[in-house]
Amino acid sequence: MPKITGKTKLLGVIGDPIEHSLSPVMHNAAIAKLNLDYIYLPFPIKAQDLQNAIAGFAAIGLQGFSITIPHKQAIIPFLSEISDIAQSVGAVNTVWRTETGWSGTNTDVAGFIAPLKAYNWDWSQTTAVILGNGGASRAVVVGCYQLGCKSIHIVGRSWEKLQQFQESWLNSPLPITTNIHPDSELPELISQADLLVNTTPVGMYPHIAESPVNLDIMTRLKETAIVYDLIYTPKPTQFLKYATKQGATGIDGLEMLVQQGAAALEIWLQQTPPADIMRQSLQEYLKGES
Ligand code: NAP
């Protein structure tokens, strides 16, 4: 049990629902390891209560908080400052206090990139193919832009949503260009992909036999490709099993989860958090859940 004192500083996560959030597990493990007088708590906040909740957080001196569904966009009008990255993604997942109010950013981008940086890879020659055009896909697009990918291709099942997705980057502070493709173009695109990323929930527990790309299409994959699934349960997903069968390198979503959390903690604590302890705490927790 953490030792709570009269001086204990508060951090937390807001969402609705919030019971399934893994953030309290990894953040409190890191705080304990650093022996800091902080605690990180889950706050279930309904959409209609967001403004009151934020005013309350200021009143009780909360140091900062994480944001999950459904508040990642809705929080933006309540912030006095937002980073270019969060503005490009169109969503904020981390907020901290400043003298002028609350500041926000999006650490999913840093979380996505972190495991990719371990590879000695020429990103300027990389064709990135991203499956899905939802919230996580937006962070992945900004990540691919930051890496300097040669081209960024998005595959989706709704042409209308894909068009909206593409147009949304026109308002971005970062000069991001995307190419959009219907599902029918996936077989051709797979053979060109150097980095293939699944941002759809297809294959997530309990639907573990499903994959956003079937084995037949996956046989077209280059064996030099990096294949990244944002899903972290099961481990590995069917998608990653198909990809690694072709000789490709597979990355699952756990490290992104750990590293987006580590990036947030670094903002709040102003020191490097123990990512290994955060990873270990999540692995143990997820083992207990399955
Ligand atoms: P989201 O905003 O709901 O977007 C999901 C996307 O997947 C949408 O483009 C949706 O298409 C598409 N999709 C959903 N079901 C599909 C299906 N059966 N076939 C084809 N496409 C389908 O969700 P999100 O927040 O981006 O999250 C997506 C996934 O990423 C989840 O599994 C989540 O757990 C994971 N994630 C992981 C991390 C991490 O740290 N590892 C972080 C964020 C998210 P439509 O738009 O046509 O509905």
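Since we're looking at a predicted model, the values are computed, not measured.

Focus: the site of the ligand
And step 1. Near the ligand there are 18 residues, and of these Asn133, Gly135, Ala136, Leu230 and Gly253 occur at the shortest range.
And step 2. In this structure, arginine 157 approaches the ligand through a side-chain N or O atom, which is 3.0 Å from an oxygen atom.
And step 3. Within the side chain of lysine 161, one N or O atom sits 3.3 Å away from an oxygen atom of the ligand.
And step 4. The fraction of the free accessible surface of the ligand (930 Å²) that becomes covered by protein chains is 69%.

A short note on the domain arrangement of the protein chain
And step 1. Looking at the protein chain, the domain boundaries give domain 1 (9-106 + 255-289) and domain 2 (111-251).
And step 2. Each of domain 1 and domain 2 was reduced to a C-alpha centroid, and the two centroids are 26 Å apart.
And step 3. Between domain 1 and domain 2, the contact holds 13 residues from the first and 16 residues from the second.
And step 4. Around 1,200 Å² of area is buried between domain 1 and domain 2 when both sides are counted, 75% of it from carbon and sulfur atoms.
And step 5. On the domain 1 side of the contact with domain 2, Ser88, Val89 and Met256 bury the most area, a combined 49% of that side's loss.
And step 6. Looking at the side of domain 1 that touches domain 2, the elements with two or more residues in it are helix H3 (84-89) and helix H10 (254-269).
And step 7. Of the residues assigned to the side of domain 1 that touches domain 2, the class counts are 6 nonpolar, 5 polar and 2 charged.

Quick notes on the packing of helix H1 (residues 23-34) against helix H11 (residues 275-289)
And step 1. Where H1 meets H11, the axes come as close as 8 Å, and the angle between the chain directions of the two elements is 135°. One finds that H1 runs oblique with respect to H11. The interaxial crossing formed by H1 with H11 has right-handed handedness. On H11, the residues that touch Val25, Met26, His27, Ala29, Ala30 and Lys33 of H1 are Ile277, Met278, Ser281, Leu282 and Tyr285.

Parameters at a glance
- Residues numbered from 1 in each chain as written.
- Predicted model: local features only at pLDDT ≥ 70, side-chain atom pairs only at ≥ 80, totals over all residues.
- Heavy atoms only, no water.
- Near = heavy atom within 4 Å.
- Polar contact = N/O pair within 3.5 Å; in protein donor to acceptor, adjacent residues only side chain to side chain.
- Areas by Shrake-Rupley, 256 points an atom, 1.4 Å probe, with all protein chains shown as cover.
- Domains from an automatic or database assignment.
- Contact = heavy atoms within 4.5 Å.
- Buried area = accessible area lost by both parts, 1.4 Å probe.
- Helix = DSSP H or I, 4+ residues; strand = E, 2+ residues; numbered from the N terminus.
- Nonpolar A, V, L, I, M, F, W, Y, C, P; charged D, E, K, R; others polar.
- Axes fitted to C-alpha atoms, helices over the stretch in contact; angles between N-to-C directions.
- Parallel < 35°, antiparallel > 145°, perpendicular 65-115°, else oblique.
- Left-handed = near helix turned anticlockwise from the far one by under 90°.

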